[in-house]
Amino acid sequence: MTDQPRDPATEVHRVADPSATRVASYLAGRDEVFRVLLLYSGGLDTSVMLKWIQDEYEAEVVALTVNLGQPGEDYEVVKGKALRLGALDCHVVDAREEFAASFIVPAIKANADYGDGYPLFTALGRPLIAKLAVEYARRTGCDTIAHGCTGKGNDQVRIEGTIATLAPDLKVIAPVRSWAMGRDEEIAYARRHGIPVKGGTESAPYSIDDNLWGRSSEGKWIEDLSHAPDDDVFQLVTRPELAPDEAEVVTVDFERGVPVAIDGERLGLVALIERAAELGMRHGVGIVDHIEDRIVGLKVRDIYEVPAAAILLRAHRELERLTGTIHQNQFKPGLDQKWAYLVYAGLWWEPLRTDLEAYIDHVNERVTGTIGLKLFKGTARVVTRASPNAVYDAQLATFSESGGLFSQQASPGFIELWTLQSRIARRLRDDLP
């Protein structure tokens with residue numbers, strides 16, 4: 001009998017093969033799944049998963065939806081959809097405050113940026129989502145947690161690593177990784193089971209992920225490195241050429257490394273991040289076309305829109321530089337880079353992260369002051385700086401006559417000693433007398 005092409009209308013059954021070799025201890029065998037906590041977004045993948053888990057595992061499903069500041073979501077609609085598809089319950093958790101205080105603030109203090117462009121917004125959100133999944137799985141009597149990550153991305157590592165670390169007794173299933181359904185098959189499945197498809201079905205949309213700290217787009221032409229960005233990908237940030245023709249100067253106040261005010265108005269963390277995002281969006285700030293090395297071995301292209309991060313990270317980095325010594329400013333970026341890598345790589349619960357934060361927090365005790373940035377057609381340029389802890393003295397820095405702590409007459413002696421080893425080495429290499 002010859003193999004026939006798979007018909008998208010054909011039902012997919014029993015891909016959770018009980019005879020398959022278990023490659024990780026936390027993965028669930030089919031006979032171990034009775035009640036599943038499903039991380040539910042309301043989109044195509046997780047909606048199909050909700051129904052599929054009930055059918056394939058003959059299991060009960062409890063849905064969990066986490067609000068990290070995704071724009072445009074109606075969580076009552078999401079909850080209603082989950083219940084209509086057979087979920088025992090759907091818990092909607094507003095985790096924006098915890099996300100801002102416990103994940104974004106440490107990232108700001110660490111000037112977190114992976115690969116010179118990605119401010120880790122998805123990487124920061126996943127350990128929090130997975131932590132909440134563990135909490136709600138225990139609260140609702142679930143033995144298994146299900147997520148919608150694919151086998152090619154980093155998020156599977158972040159989520160499963162968190163679950164395995166915090167709750168080794170809970171099991172995990174990842175249907176998208178194992179069921180081998182393409183988008184057409186998922187749509188066919190959804191139609192057969194009366195599952196509404198968000199956004200229509202005519203063409204594959206961009207793969208979108210967003211939260212309070214930024215937005216990513218993947219898929220379609222983005223995978224073609226020779227293809228310049230199409231305008232329709234930018235749904236958050238104004239394209240720079242369409243941004244206002246007048247620049248705007250915005251000030252950001254920090255206390256101990258934490259942003260507390262914009263343009264002199266004190267705001268809570270969530271409101272402040274949202275205000276920074278609004279300003280950046282208006283002026284085309286925060287568009288990143290990025291080539292990224294994933295921890296699973298792939299090199300991929302992402303389009304990021306990160307207006308709040310582009311402003312707040314830039315301001316923090318400048319203020320930290322102003323309040324640090326030359327030695328601190330040369331040393332800390334290496335720690336920042338390591339911190340960002342650990343978070344990107346799904347190792348939020350690695351003890352080294354908190355070890356690094358002990359130093360990072362100590363440095364940030366002095367990072368208090370105000371930075372002014374000029375926003376104009378895609379750029380955020382620092383234009384003013386002020387701090388009571390600035391390692392800066394205008395009287396010493398001026399090119400006018402100076403004295404006091406700085407003695408210009410001492411400079412020649414300093415130069416002679418500072419260059420001593422270099423001069424000796426040069427003479428030896430050139431065989432000079």
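Residues numbered from 1 in each chain as written. Predicted model: local features only at pLDDT ≥ 70, side-chain atom pairs only at ≥ 80, totals over all residues. Heavy atoms only, no water.

1. Observations regarding the overall build of the protein
A tally of helices and strands in the protein yields 14 helices and 14 strands. With the principal axes as the frame, the protein shows a C-alpha extent of 90 × 55 × 45 Å. For the protein, buried positions account for 46% of its 433 residues. Residue pairs in contact within the protein that sit at least 24 positions apart in sequence constitute 73% of those at least 6 positions apart. As displayed, the protein offers around 21,900 Å² of accessible surface, 52% of which is attributable to carbon and sulfur atoms. A distance of 2 Å separates the average location of the 48 positive side-chain charges in the protein from that of its 65 negative side-chain charges. (Helix = DSSP H or I, 4+ residues; strand = E, 2+ residues; numbered from the N terminus. Buried < 20%, exposed > 50% of the residue type's maximum accessible area, 1.4 Å probe, protein only. Contact = heavy atoms within 4.5 Å. Areas by Shrake-Rupley, 256 points an atom, 1.4 Å probe, with all protein chains shown as cover. Lys, Arg positive; Asp, Glu negative; His and termini not counted. Charge placed at Lys NZ, Arg CZ, Asp CG, Glu CD.)

2. Topic: the packing of aromatic side chains
Across all of its chains, the model carries 13 aromatic pairs by this definition. Here Tyr-118 and Phe-121 contribute two aromatic rings whose centre-to-centre distance is 5.5 Å and whose plane-to-plane angle is 80 degrees, an arrangement assigned as edge-to-face. Take Tyr-118 and Phe-121: they sit in the same class, and that class is buried. Seen in terms of ring centroids, Trp-339 and Trp-348 are 6.1 Å apart; in terms of plane orientation they differ by 80 degrees. Their pairing is edge-to-face. (Phe/Tyr/Trp six-rings, centres within 6.5 Å; stacked < 30°, edge-to-face > 60°.)

3. Description of the confidence of the model for the protein
Per-chain confidence: the protein averages 91 in pLDDT, with 91% of residues scoring 70 or above. Confidence drops under pLDDT 50 across residues 1-5; counting only partners more than four residues distant or on other chains, this segment forms zero contacts. (pLDDT = per-residue confidence, 0-100.)

4. Observations concerning helix H1 (residues 44-56)
Under the 1.5 Å per step criterion, the end-to-end length of H1 is 18 Å for 13 residues, consistent within 8% with the ideal 18 Å. Among the 13 residues in H1, ten count as buried, and that is most of the element. Looking at H1, one finds that the buried residues are Leu-44, Thr-46, Ser-47, Val-48, Met-49, Leu-50, Trp-52, Ile-53, Gln-54 and Glu-56. Just downstream of H1 lies Glu-58, where phi reads positive at about 50 degrees. (Expected span 1.5 Å × (residues − 1).)

5. Some words on the pairing of strand S9 (residues 258-262)
Taken across its five residues, S9 has four buried, putting it largely inside the fold. Here strand S8 (residues 248-255) pairs with S9 via four bridges, running antiparallel. Across the sheet, residue Asp-253 finds its bridge partner in S9, namely Ala-261. From the end of S8 to the start of S9, which pair antiparallel, there are two residues, and Arg-256 there has a positive phi angle of about 55 degrees. In this structure, S9 lies alongside strand S10 (residues 265-266), joined through two bridges in antiparallel fashion. (Pairing = 2+ DSSP bridges.)

6. Describing the pattern of salt bridges
Side-chain pairing between opposite charges can occur once the charged atoms of the two side chains come close. One pass over the structure, following the stated rule, counts 30 salt bridges. The salt bridge involving Asp-155 is made with Arg-126; its shortest N-O contact spans 3.1 Å. Of this pair, Asp-155 sits in helix H5 (residues 155-166) while Arg-126 sits in helix H4 (residues 121-139); the two residues are 29 residues apart in sequence, bridging distant segments of the chain. Assigned by exposure class, Asp-155 and Arg-126 land together as buried. Between Asp-293 and Lys-299 there is a salt bridge, with the nearest N and O atoms lying 2.5 Å from each other. (Salt bridge = Lys/Arg side-chain N within 4 Å of Asp/Glu carboxyl O.)

7. Concerning the sheet that holds S9
The five strands lie next to each other as S10-S9-S8-S13-S14, forming an open sheet whose pairing is antiparallel. Unpaired on one side and paired on the other, S10 and strand S14 (379-386) mark the two borders of the sheet. On the sheet, helix H9 (residues 307-323) packs against S8, S9, strand S13 (369-376) and S14 and is oriented at approximately 135 degrees with respect to S13. (Axes fitted to C-alpha atoms, helices over the stretch in contact; angles between N-to-C directions.)

8. Observations regarding the nonpolar core
One finds Leu-37, Leu-64, Leu-120, Leu-124, Trp-213, Trp-339 and Leu-373 to be the most contacted residues of the largest nonpolar core, which totals 80 residues. Dropping the residues within four chain positions of it, Leu-37 is found in contact with Val-62, Leu-64, Ala-133, Tyr-136, Ala-137, Thr-140, Cys-142, Thr-144, Ile-145 and Ala-146. Counting residues in hydrophobic clusters, the runner-up holds 29 residues, among them Tyr-40, Val-61, Cys-90 and Ile-195. (Core = buried A, V, L, I, M, F, W, Y, C linked by side-chain atoms within 4.5 Å.)

9. Comments concerning unusual backbone geometry
At Asp-116, a position not held by glycine, the phi torsion is positive, near 60 degrees. With respect to the element layout, Asp-116 can be found in the loop between helix H3 (96-109) and H4. If you check the backbone angles, Asp-263 has positive phi at about 50 degrees while not being a glycine. Note on placement: Asp-263 falls in the loop between S9 and S10.

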